[in-house]
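What the coordinates show
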Amino acid sequence: MNLENVLHTIRSVEKGCGLSQHSVQLLAVSKKQSIKKIHQAYDLGQRAFGENYLQEAIEKIHYLKQLDIEWHFIGRIQSNKTKLIAENFSWVQTVCDEKVARRLSDQRLVELGPLNVCIQVNVDGDPDKAGVSLEELPKLCDVVSQFKHLRLRGLMTIPQLTDDEAQTKATFEKLKQVYDELQPTYGFDTLSMGMSGDLELAIAAGSTMVRVGAGVFGPRG
Ligand SMILES: *Cc1c(COP(=O)(O)O)cnc(C)c1O
């Protein structure tokens, strides 16, 4: 369990960038990690956890339902699975199209309050990745922001896998620029970017939420 090391890294990168403490939130990505490890991180104070695989996630959510966990869905969304997502998560960071957004809104139980969503943006135009293109993004923000049971919180991206740090940095900086342009219209407060391998670059570029799996929990089982 390296939660405290990761938090320490985040706090020192914040400091190095002249950001105030706790301006960057940690999402602990617990996919393929045991319930025991999630519980350990919880006991150390972690509250936000991210899951990619719905069946696995639902089991964990039910098992840990007595804990005060904020669950984020960060995997690919099959449109026939939106009901389970809408009913079990507080956040969905991987909204990529209008159809899925409409279903999530329609299927959200009113008593749970609005579902927090981020739109996933495919900044690099990577054919292997999900996400809306930069061109389509403003239109999708407009649509999603009007769904009654969704609350559009911001943008999320996964950069193309590369050894070229300059490319990753450019991707993060591009999304930050677009985020800043759209922020006044939609009241965004969340720019979700950065994982175990690139969280320093992401924070320096303006991320407000890093999603760290292996860095927190160790290699996935
Ligand atoms: C798995 C995953 C992460 C965490 O990746 P690590 O390299 O383990 O930190 C972050 N975001 C998304 C969308 C993921 O699927």
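Refer to the structure above for everything that follows.
Residues numbered from 1 in each chain as written. Predicted model: local features only at pLDDT ≥ 70, side-chain atom pairs only at ≥ 80, totals over all residues. Heavy atoms only, no water.

1. Side note on the pairing of strand β3 (residues 70-73)
- By the bridge criterion, 4 bridges tie strand β2 (residues 48-51) to β3 in an arrangement that is parallel. Paired with Ala48 across the two strands is Glu70, which belongs to β3.
- Read as a crossover between parallel neighbours, the route from β2 over helix α3 (residues 54-63) to β3 is right-handed.
- Where β3 meets strand β4 (residues 91-95), 2 bridges bridge the pair, whose relative direction is parallel. Residue His72 lies in a different strand from β4, and its bridge partner there is Trp91.
- The β-α-β motif built from β3, the intervening helix α4 (residues 82-88) and the parallel element β4 has right-handed crossover chirality. (Pairing = 2+ DSSP bridges. Helix = DSSP H or I, 4+ residues; strand = E, 2+ residues; numbered from the N terminus. Right-handed = clockwise from strand over helix to strand, strands pointing away.)

2. Structural notes on helix α7 (residues 165-186)
- Across its 22 residues, α7 extends 30 Å between first and last C-alpha, which sits within 8% of the 32 Å expected from 1.5 Å per residue.
- For α7, the principal kink sits at Asp180 and spans about 30°; a proline, Pro184, occurs within the next four residues.
- Those residues of α7 that sit buried are Thr168, Thr171, Phe172, Leu175, Val178, Tyr179, Leu182 and Tyr186.
- As for α7, its buried residues are in contact with α6 (137-144), β6 (150-156), β7 (190-192) and α8 (199-205).
- Its side-chain oxygen placed 3.1 Å from the backbone nitrogen of Ala166, Asp164 serves as the N-cap of α7. (Expected span 1.5 Å × (residues − 1). Bend = angle between axes of the 7 residues up to and from the residue. Buried < 20%, exposed > 50% of the residue type's maximum accessible area, 1.4 Å probe, protein only. Contact = heavy atoms within 4.5 Å. Polar contact = N/O pair within 3.5 Å; in protein donor to acceptor, adjacent residues only side chain to side chain.)

3. Observations concerning the nonpolar core
- One finds Val92, Leu104, Ile119, Leu137, Val144 and Leu155 to be the most contacted residues of the largest nonpolar core, which totals 61 residues.
- Per-element accounting of this core gives the leading share, 6 residues, to α7. (Core = buried A, V, L, I, M, F, W, Y, C linked by side-chain atoms within 4.5 Å.)

4. Side note on the packing of aromatic side chains
- Within the structure shown, the criterion is met by 4 aromatic pairs.
- Between Phe49 and Trp71, the ring centres sit 6.0 Å apart and the planes meet at 45°, which makes this aromatic pair tilted. Here the residue Phe49 occupies a position in strand β2, and Trp71 occupies one in strand β3, the gap between them amounting to 22 residues. The pair Phe49 / Trp71 is uniform in exposure class, with both members buried.
- Taking the centre distance of 5.3 Å and the plane angle of 75° together, the rings of Phe73 and Phe89 count as edge-to-face. Of this pair, Phe73 sits in strand β3 while Phe89 sits in the loop between α4 and β4, placing them 16 residues apart in sequence.
- Among the aromatic residues, those joined into a ring-pair cluster are Tyr179, Tyr186 and Phe188.
- Here the guanidinium or amino end of Arg47 rests over the ring plane of Tyr42, the centre of that ring lying 3.7 Å away. (Phe/Tyr/Trp six-rings, centres within 6.5 Å; stacked < 30°, edge-to-face > 60°. Lys NZ or Arg CZ within 6 Å of the ring centre and 35° of its normal.)

5. Concerning the pairing of strand β8 (residues 209-212)
- Burial along β8 is two-sided: Met209 and Arg211 facing one way and Val210 and Val212 facing the other are all buried.
- In the sheet, strand β1 (residues 25-29) pairs with β8 via 4 bridges, with the strands oriented parallel. Across the sheet, the residue bridging to Leu27 is Arg211, located in β8.

6. Looking at the site of the ligand
- Of all residues adjacent to the ligand, which total 13 residues, the nearest are Lys31, Asn52, Ser196, Ala214 and Arg220.
- Between Arg220 and the ligand, the recorded distance is 2.8 Å, taken from a side-chain N or O atom to an oxygen atom.
- Contact with the protein chains covers 88% of the free accessible surface of the ligand, which is 390 Å².
- In terms of residue class, the shell around the ligand is made up of 7 nonpolar, 3 polar and 3 charged. (Near = heavy atom within 4 Å. Areas by Shrake-Rupley, 256 points an atom, 1.4 Å probe, with all protein chains shown as cover. Nonpolar A, V, L, I, M, F, W, Y, C, P; charged D, E, K, R; others polar.)

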